[in-house]
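# Per-entry structural report
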Amino acid sequence: MAQAATSTRPSTGAGSNGGNAARLRPVMAFFPGSPAPLPEGHGFVPLDGREEAASVRIGLVTGKDGKPILLRTRRDARVYLGALCDRSPDRPVAHKNLEIWIQDVGGVAALPESVRRGMTNATLDSAWRARAAMLAGLAAEGDAGGVDIIWTGRETEHGRPLFLAGKAMTEAAWRLCTDDGVLSAAGKDGYASGLGRYLVPESGEGDLLDAAKADAGALGVAGESFNAACGLMMTRVLAPLSYEQFIDAVTGAAPKSVVGEGLGRTLEEVTGAGSNGWLLNVGSDRGTRMAEVLHLKLMALAQAAALARASAAATGGPMLNVRADSFRVRLAEGAGGALPRLWSSRVVLADPGDAAAVPIEGSDLTLHVPGSTSRSVYAPAAAGKSASGTGWLRLRQVIEERGGRFVVEGTLSAQERLEAAKSDLVLIRATMNKRPFDFTAAFDEDSALTTGEVRVRSLPRSLEVDELAEINAAMGVPLPDTHYEVVPRLTTA
């Protein structure tokens, strides 16, 4: 059975496209509070068939068309609407509205090479587990609202392939192959060194199957793919209000995003005159009400800032994609509490960031770069300004430092004008003796060179004996077809 981690958790962006928004609209009707029956015509599918007889079950909420309701997508995940339901004889009653996260590494292939470099199945799995632990840790420590996670075991272990077959979830007797020896014998990249994923029959008899091509027919089951690639999963408690919906409701503005009938009715009841949402019953005193509105907005902003800070502190990396829908808001359910309902609002972290950690070759340093091509309006002006191209590299000298580390200095030339800040880094891939040589360097702004040339100095790194010999042999010789990419050094702060 699943175990619940303490706290409070967030949610999803209301719509990713017109079709999803239209399907999400009726389901939003039951978001104001729980427990509540699922909307008429919507289904509930337990994620684990072994829990069919359980009193309460974690499952997927399906629309009137019988398909899962996609809330949003991330670089490495798809997020669906779920619920914690009982066995009510009429319609399943949702005691908690949930997000069901499915790991999906397909989006990684679309990232720039500089971001994919250093990414492997092992690092993606590690990042997923660290994210779940971070969210649970925020909850346990009570940091700025925290997050609820319902632990199922699939946050850390890959399960069987899952397929949605009508009103049931079916499993295929296959598993994800993580054995590098088996993969190497089949001519595939290792799990710990590549991004390809392959399934193997649990019986041990049969060929490997590319997980990206796995379907019900190939795996011998019925239904449509839900998690055919055996991705890790995560179950989080859904917060009904987006950050912007809450701010709009408090200020009296018309909502700018999809608001279901039930949620809209709740907002009107909470914010209306004479409601139990406000602390001060001020009648027509607009100045006093404005002060209360300002306080609520500032408290929401302060909670969001505290969550971003706590997330960066817990992960050791920046968020880099902070936007309004990175946060959601929860109101206390029901009426009659000690606090007005608007004063019970808690901002929660819906999206813990999309920064990709790129290990710097030959060192113990890590560079964090945006893990998405989309830009937030809150991002630093430098974000997204990375430039790449092909030029010539002329090595000048190698300096040995303490601890057996080396610094490589050289001149990078290109047809384009090379503009970079002193804090920027450049990822360089040169070819020496018919094999690639990668290193990360900083710019030397103090060196006056002609247009299209910059002096670069690598970060301290280790070098093998043969690499050092090849560098010395190439000293002063122009190395053509050298690929470079300028990456701004960004932080959450």
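Residues numbered from 1 in each chain as written. Predicted model: local features only at pLDDT ≥ 70, side-chain atom pairs only at ≥ 80, totals over all residues. Heavy atoms only, no water.

To continue, consider the overall build of the protein chain. Tallying secondary structure elements over the protein chain gives nine helices and 26 strands in all. Taking all 493 residues of the protein chain together, 49% fall into the buried category. A sequence separation of at least 24 residues applies to 67% of the contacts in the protein chain between residues at least 6 apart. Summed over all atoms, the accessible surface of the protein chain reaches about 23,000 Å², with 51% contributed by carbon and sulfur. (Helix = DSSP H or I, 4+ residues; strand = E, 2+ residues; numbered from the N terminus. Buried < 20%, exposed > 50% of the residue type's maximum accessible area, 1.4 Å probe, protein only. Contact = heavy atoms within 4.5 Å. Areas by Shrake-Rupley, 256 points an atom, 1.4 Å probe, with all protein chains shown as cover.)

With that out of the way, let us pick up the environment of Glu416. In this fold, Glu416 is placed in the loop between strand E22 (406-413) and strand E23 (425-432). When the C-alpha atoms of Glu416 and Thr451 are compared, they prove to be 8.6 Å apart, with 35 residues separating the residues in sequence. Apart from the residues lying within four places of it in its own chain, the contact partners of Glu416 are Gly452 and Tyr484.

Strand order across the open sheet formed by three strands is E10-E9-E14, with antiparallel pairing between neighbours. Where the open sheet ends on each side, the last strands, each with one partner, are strand E10 (168-171) and strand E14 (224-227). Pairwise comparison of adjacent strand axes, ignoring direction, gives a mean angle of 40° for this sheet. Inspection of the sheet shows strand E9 (residues 162-165) paired to E10 by four bridges, in the antiparallel sense. For Phe163, the partnering residue across the bridge sits in E10 and is Thr170. (Pairing = 2+ DSSP bridges. Axes fitted to C-alpha atoms, helices over the stretch in contact; angles between N-to-C directions.)

Between helix H6 (residues 243-251) and helix H8 (residues 286-315), the shortest axis-to-axis distance is 9 Å and the interhelical angle comes to 165°. When the axes of H6 and H8 are compared, the pair comes out roughly antiparallel. Between H6 and H8 lies a crossing whose hand is left-handed. Across from Tyr243, Phe246, Ile247, Val250 and Thr251 in H6, the residues of H8 making contact are Val293, Leu296, Lys297, Ala300, Leu301 and Ala304. The class makeup of the residues in the contact of H6 with H8 is nine nonpolar, one polar and one charged. (Parallel < 35°, antiparallel > 145°, perpendicular 65-115°, else oblique. Left-handed = near helix turned anticlockwise from the far one by under 90°. Nonpolar A, V, L, I, M, F, W, Y, C, P; charged D, E, K, R; others polar.)

Among the eight residues of E22, eight are classified as buried, and the element is accordingly described as predominantly covered. Of the two faces of E22, the one lined by Phe406, Val408, Gly410 and Leu412 and the one lined by Val407, Glu409, Thr411 and Ser413 are each fully buried. In terms of strand pairing, strand E21 (residues 387-400) meets E22 through eight bridges, oriented antiparallel. What sits directly across from Glu400, in E22, is Phe406. Between E21 and E22, which follow one another and run antiparallel, lie five residues, and Gly403 among them has a positive phi close to 80°.

This paragraph deals with the packing of aromatic side chains. Enumeration over the complete set of coordinates arrives at three aromatic pairs. Each ring, one from Tyr80 and one from Phe226, has its centre 5.2 Å from the other, and the planes form 50°; the classification is tilted. Taken as a pair, Tyr80 in strand E6 (residues 77-85) and Phe226 in strand E14 lie far apart in primary sequence, 146 residues in all. Seen in terms of ring centroids, Phe437 and Phe439 are 5.4 Å apart; in terms of plane orientation they differ by 35°. Their pairing is tilted. No difference in accessibility class separates Phe437 from Phe439, as the two residues are buried. (Phe/Tyr/Trp six-rings, centres within 6.5 Å; stacked < 30°, edge-to-face > 60°.)

For Cys230, which is not a glycine, the phi torsion comes out positive at approximately 60°. As for its placement among the helices and strands, Cys230 is situated in the loop between E14 and strand E15 (233-237). Despite not being glycine, Asp481 has its phi angle at roughly 55°, a positive value. Along the chain, Asp481 turns up in strand E26 (residues 479-487). Judged by relative accessible area, which is 60%, Asp481 ranks as exposed.

In this section: the sheet that holds strand E17 (residues 327-330). Within the open sheet, the three strands sit side by side as E16-E17-E18. Their pairing is antiparallel. Of all the strands in the sheet, the pair left with one neighbour each is strand E16 (241-242) and strand E18 (346-349). Bridging between E16 and E17 involves two bridges; their strand directions are antiparallel. The partner of Leu241 across the bridge, within E17, is Val329. Along the sheet, H8 contacts E17 and E18; its crossing angle with E18, the most-contacted strand, is approximately 30°.

We now examine helix H9 (residues 465-473). For H9, every residue scored as buried is listed here: Glu467, Glu470 and Ile471. In an axial view of H9, the angular spread of the buried residues amounts to 100°, which keeps them on one side of the axis. Along H9, exposed side chains directed more than 90 degrees from the buried face belong to Val465 and Ala473. Taken together, the buried residues of H9 touch E21, E22, E23 and strand E24 (435-444). (Arc of directions from axis to C-beta.)

Let us look at the pattern of salt bridges. Where charged atoms from two side chains of opposite charge come close, those side chains can pair. Under the defined criterion, the tally for this structure stands at 19 salt bridges. Between Glu99 and Arg72 there is a salt bridge, with its nearest N and O atoms 3.2 Å apart. Within this pair, whereas Glu99 is found in strand E7 (residues 93-103), its partner Arg72 is found in strand E5 (residues 70-74), the two being separated by 27 residues in sequence. When its relative accessible area of 0% is taken as the criterion, Glu99 is described as buried. In this structure Arg72 comes out as buried when scored by relative accessible area, which is 10%. Three or more residues are tied together by salt bridges with common partners; here these are Arg74, Asp76, Arg131 and Asp351. (Salt bridge = Lys/Arg side-chain N within 4 Å of Asp/Glu carboxyl O.)

Judged by relative accessible area, Tyr80 falls into the buried class, the value being 11%. Residues Tyr80 and Ile102 lie 22 residues apart in sequence; the distance between their C-alpha atoms is 8.1 Å. Setting aside anything within four residues of it in sequence, one finds Tyr80 in contact with Leu60, Pro68, Ile69, Leu70, Leu71, Leu98, Glu99, Ile100, Ile102 and Phe226. Looking at Tyr80, its side chain comes within polar contact range of the side chain of Arg78, at 2.8 Å. (Polar contact = N/O pair within 3.5 Å; in protein donor to acceptor, adjacent residues only side chain to side chain.)

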